[in-house]
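Residue-level structural notes
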Amino acid sequence: MAEEIMAKVEQPTPKNDESEALSDHTESIKSQILGKIGKPSNLHRVEVCQHHNGNYRVNIWEKLEPLGDFSMSMRLHIGASYYLKVSDSGEILNSNPPLTKR
């Protein structure tokens with residue numbers, strides 16, 4: 001019985017336009033963030049995660065100096081984190097904490 005119900009449920013197929021729009025906003029948000037705070041010398045990556053209603057979390061991942069004489073792996077940490085409100089066109093409207101030069 002449950003299998004019949006599950007078979008009848010239609011799953012919406014993701015639209016390519018939506019994923020392209022998201023990636024466009026992601027790149028736009030990254031460039032706006034780095035333009036406003038500056039590019040850290042030890043930058044590893046900028047991570048942009050979409051939440052809901054035009055809200056995004058952005059984490060700035062930075063490399064740490066190796067400990068001791070020898071390091072087998074790269075040490076990373078979040079050097080800064082921002083919660084953003086973004087317009088439909090990808091423009092940053094508000095940031096918590098505020099975006100200031102580092």
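Here goes a summary of the coordinates provided. On a predicted model such as this, the values are computed, not experimentally measured, just so you know.

**Concerning the pattern of salt bridges**
- Following the criterion strictly, the structure yields three salt bridges and no others.
- Among the salt bridges present, the one from Glu47 reaches Arg45, with a minimum N-O distance of 3.9 Å.
- We classify Glu47 as partly exposed; its relative accessible area is 24%.
- Relative accessible area serves as the criterion here: at 33%, Arg45 is assigned to the partly exposed category.
- In this structure, Arg102 and Glu62 form a salt bridge, with 2.7 Å as the shortest nitrogen-oxygen distance.

**Details of the sheet that holds strand β2 (residues 55-63)**
- Pairing is antiparallel in the open sheet, where four strands are placed in the order β1-β2-β3-β4. The open sheet is flanked by β1 (43-50) and β4 (92-96), the only strands paired with a single partner. For this sheet, the mean inter-axis angle between neighbouring strands, taken without regard to orientation, is 30°.
- Sheet analysis places strand β3 (residues 76-86) next to β4, joined by four bridges and oriented antiparallel. The residue bridging Val86 from the neighbouring strand is Ile92, located in β4.

**Here we look at unusual backbone geometry**
- Of note, the bond from Asn96 into Pro97 is cis; its omega dihedral lies within 30 degrees of zero at 0°.
- Located in the positive-phi region is Asn53, a residue other than glycine, with phi close to 50°.
- Counting through the fold element by element, Asn53 comes out in the loop between β1 and β2.

The rules we used
Residues numbered from 1 in each chain as written. Predicted model: local features only at pLDDT ≥ 70, side-chain atom pairs only at ≥ 80, totals over all residues. Heavy atoms only, no water. Salt bridge = Lys/Arg side-chain N within 4 Å of Asp/Glu carboxyl O. Buried < 20%, exposed > 50% of the residue type's maximum accessible area, 1.4 Å probe, protein only. Pairing = 2+ DSSP bridges. Helix = DSSP H or I, 4+ residues; strand = E, 2+ residues; numbered from the N terminus. Axes fitted to C-alpha atoms, helices over the stretch in contact; angles between N-to-C directions.

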